[in-house]
Amino acid sequence: MDMPGSDFDEFVRDCSPGLLRTAYLLTGDRGHAEDVVQAALLRVARRWRRIRGEPAPYARRAVVNLAKNHWRDRFRRPHESTAAVEPVYASPETDVLLQQVLLPAVMDLPVRQRAVLVLRYFQDLSVEQTADALGCSPGTVKSQTHHALTKLREALGDPADVKENDHAN
Amino acid sequence: MPTDDDLTTVLRRGFTQATADLDPQPDLARVVRRRYVRARRRHLAVGVAVPAAALAVGSGLALAGRDNPNHTPSRTAVAVPKTAPTTPAPVRPASYKVVALHHHSAPPNCPANATAPVGKSANPAGAWFWTNKRTCVFVRIGWADTKPASAAPVHLNGYPGLYRTLKNGVRAIYAPVAPGTDDVHPRGGWVVLTVSAKAPQDKAVRLIIVPAN
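Residues numbered from 1 in each chain as written. Chains lettered and ligands numbered in written order. Predicted model: local features only at pLDDT ≥ 70, side-chain atom pairs only at ≥ 80, totals over all residues.

S.K.: I'd like a description of the overall build of chain A, backed by residues and values.
M.R.: The helix and strand tally for chain A stands at nine helices and one strand. Beginning at the N terminus, the succession of helices and strands in chain A can be written as α-α-α-α-β-α-α-α-α-α. Looking at chain A as a whole, 40% of its 169 residues qualify as buried. Taking as baseline every contact in chain A between residues at least 6 positions apart, the subset at least 24 positions apart corresponds to 61%. (Helix = DSSP H or I, 4+ residues; strand = E, 2+ residues; numbered from the N terminus. Buried ≥ 20, exposed ≤ 12 C-beta atoms within 10 Å, placed from the backbone. Contact = placed C-beta atoms within 7 Å.)

S.K.: How would you summarise the overall build of chain B if you had to cite specific residues and measurements?
M.R.: Looking only at helices and strands, chain B features three helices and nine strands. Order of helices (α) and strands (β) in chain B, N terminus to C terminus: α-α-β-β-β-β-β-β-β-β-α-β. Within chain B, counting contacts between residues at least 6 apart in sequence, those at least 24 apart form 49% of the total.

S.K.: Which residues make up unusual backbone geometry, and what values do they have?
M.R.: Trans is the prevailing form of peptide bonds, just as negative phi is the prevailing case for residues other than glycine. The phi torsion at Asp124(A) lies on the positive side, around 60 degrees, for a residue other than glycine. Structurally, Asp124(A) is set in the loop between helix H6 (111-121) and helix H7 (127-134). With phi around 50 degrees, Asn168(B) is a residue other than glycine that occupies positive phi space. Relative to the helices and strands, Asn168(B) resides in the loop between strand E6 (163-167) and strand E7 (170-177). The exposure class of Asn168(B) is exposed, given the 12 C-beta atoms found within 10 Å.

S.K.: Got a sec to walk through the nonpolar core? Specific residues and values, please.
M.R.: With 51 residues, the main nonpolar core has Ala23(A), Val37(A), Ala40(A) and Val63(A) as its most contacted residues. The element contributing the most residues to this core is helix H1 (residues 6-27) of chain A, with 10 residues. Beyond its immediate chain neighbours, meaning those up to four positions away, Val63(A) contacts Leu19(A), Thr22(A), Ala23(A), Val36(A), Val37(A) and Ala40(A). By size, the runner-up hydrophobic cluster in this structure holds 24 residues, among which are Leu162(B), Ile173(B), Tyr174(B) and Val205(B). (Core = buried A, V, L, I, M, F, W, Y, C linked by C-beta atoms within 7 Å.)

S.K.: Let's hear about the confidence of the model for chain B: which residues, and what values?
M.R.: Residues with a pLDDT of 70 or more make up 63% of chain B, whose mean pLDDT is 72. Taken over the whole predicted complex, pTM reads 0.52, whereas the ipTM for its chain interfaces reads 0.76. (pLDDT = per-residue confidence, 0-100.)

S.K.: Any details on the packing of H7(A) against helix H8 (residues 138-156) of chain A? Residues and values, ideally.
M.R.: All names here are of chain A. Remark: H7 packs on H8, axes separated minimally by 8 Å, with the N-to-C direction vectors making an angle of 100 degrees. Overall, the two elements H7 and H8 adopt an arrangement that is roughly perpendicular. The segment H7 lies against H8, with Val127, Glu128, Thr130, Ala131 and Leu134 engaging Pro138, Thr140, Val141 and Lys142. Residues of the contact of H7 with H8, tallied by class, amount to five nonpolar, two polar and two charged. (Axes fitted to C-alpha atoms, helices over the stretch in contact; angles between N-to-C directions. Parallel < 35°, antiparallel > 145°, perpendicular 65-115°, else oblique. Nonpolar A, V, L, I, M, F, W, Y, C, P; charged D, E, K, R; others polar.)

S.K.: Hey, could you go over helix H3 (residues 201-208) of chain B for me, with residue numbers and the actual values?
M.R.: All names here are of chain B. Residues of H3 that are buried: Gln201, Ala204, Val205 and Ile208. Looking straight down H3, one finds its buried side chains confined to an arc of 95 degrees; they lie on one side. For H3, the secondary structure elements touched by its buried residues are strand E1 (96-98), strand E3 (126-130), strand E4 (136-144), E7, strand E8 (189-196) and strand E9 (209-211). (Arc of directions from axis to C-beta.)

Right, dumping it as structure tokens:
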């Protein structure tokens, strides 16, 4: 277990924004996303010598696995009571459709379907790369994508709303 | 029904918008390295402790069987050297205070015509600020004599000793206040910043509290 060199720092600098954003979309929480990314990078550091040639897929796979674990653990923990303070969080440029309909619908998807959407449409991975990151077959990725998009389509309802909102911005 | 192309276009835009404000902490590589070193120390400590424990068990078995004439001890007891306990160097505890903010708005939310990047409200006690993406964030500023036992440390460069908790998407950040540094709370305690988990918490901390020592 030798300490990774400066190339590791460079890798963290280049890849951590994408990993953090992916983790956030998978966990739905900034704090947990930061924890997931740190834990994933720690795994990368431990195996740095072996994966030096291609560390990004390994890091991505670690983030997805840790985020899936987080999501599963969420339902095992006792439910916490609602805090009395509800901070105001409003954006002048908030896209109501995206913030209030689409993203909550994505978060309601089963974790595997959500991971498929995030990897394919946020990370822009191919079906094969997504399958590699999730440890499943390309056929499974395609079927999960189909099921996820069907559920989102139902959540969005009238397509005219999508178009109208798109033009409004 | 929208086509898959329409849907994925909206989805890509949604993902990009939702994560636009997210940036990792600047010293992330250093934090990972520190955790890596700690993990390696633990790994080495276990590597020493497990054989030592095995030897101790072996010697115990040897002693237990010493009255049996047929018993042949497989191992001999080995004295495990004890390491002297180390005393950590005295560290001055971190302490913080809330910055003096000017009233820019009476209501607790961000005024649409605000020109200042940050302002405060009296009721509820708190401050608002604009993010780089023109998103307004309100941070409630409170006080606690103690921090929750479940609070986890926050690694923020230049701000040691912070802790955080998370409940239902609401982040509470605890900044220590040393005894004698706050007139209202002479016995010290914790400044509590309460903010949405989606908000850039590092920016909230840097805008609202400053080290007091």
